Amino acid sequence: EKALTNAGVRYFYYFILFTHIALAAIMLPFILFTAYRALTAEFVKHKKIAKYTWPVWFYIAVTGVLIYLLISPYY
């Protein structure tokens with residue numbers, strides 16, 4: 001039973017790690033462009049982009065903290 005638990009945690013960790021890395025790499029330009037639209041006061045265009053970038057960015061932020069918490073016992 002313990003091996004199953006360890007395998008489950010390992011697969012969960014790798015899943016969030018790989019999705020976190022891939023999405024962070026892909027989304028960085030979109031996030032920066034969304035911030036640019038807000039800083040230049042193009043709020044209508046900013047809202048259109050932010051509707052899609054914010055949930056993905058939030059997932060990246062949350063999984064980053066989760067990855068840190070899962071790996072921290074080993075350091």
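Residues numbered from 1 in each chain as written. Predicted model: local features only at pLDDT ≥ 70, side-chain atom pairs only at ≥ 80, totals over all residues. Heavy atoms only, no water.

Caption draft 1: Layout of the pattern of salt bridges. Per the stated rule, a full pass over the model turns up one salt bridge. Among the salt bridges present, the one from glutamate 42 reaches arginine 37, with a minimum N-O distance of 2.3 Å. Under the relative-accessibility criterion, arginine 37 is labelled buried at 15%. (Salt bridge = Lys/Arg side-chain N within 4 Å of Asp/Glu carboxyl O. Buried < 20%, exposed > 50% of the residue type's maximum accessible area, 1.4 Å probe, protein only.)

Caption draft 2: Region of the structure containing the layout of surface pockets. Within this model, the largest pocket holds a volume of roughly 210 Å³. As for the largest pocket, its lining consists of Asn6, Val9, Arg10, Tyr13, Tyr14, Leu70, Ile71 and Tyr74. Ranked by residue count, the leading element in the lining of the largest pocket is helix α1 (residues 2–39), at five residues. Of the residues in the lining of the largest pocket, the class split is six nonpolar, one polar and one charged. (1 Å grid on protein atoms, 1.4 Å probe; cavity = no way out; pocket = protein on both sides within 12 Å on 5 of 7 lines; lining within 4 Å. Points joined across faces, edges and corners; volume = space filled by probe spheres on them. Helix = DSSP H or I, 4+ residues; strand = E, 2+ residues; numbered from the N terminus. Nonpolar A, V, L, I, M, F, W, Y, C, P; charged D, E, K, R; others polar.)

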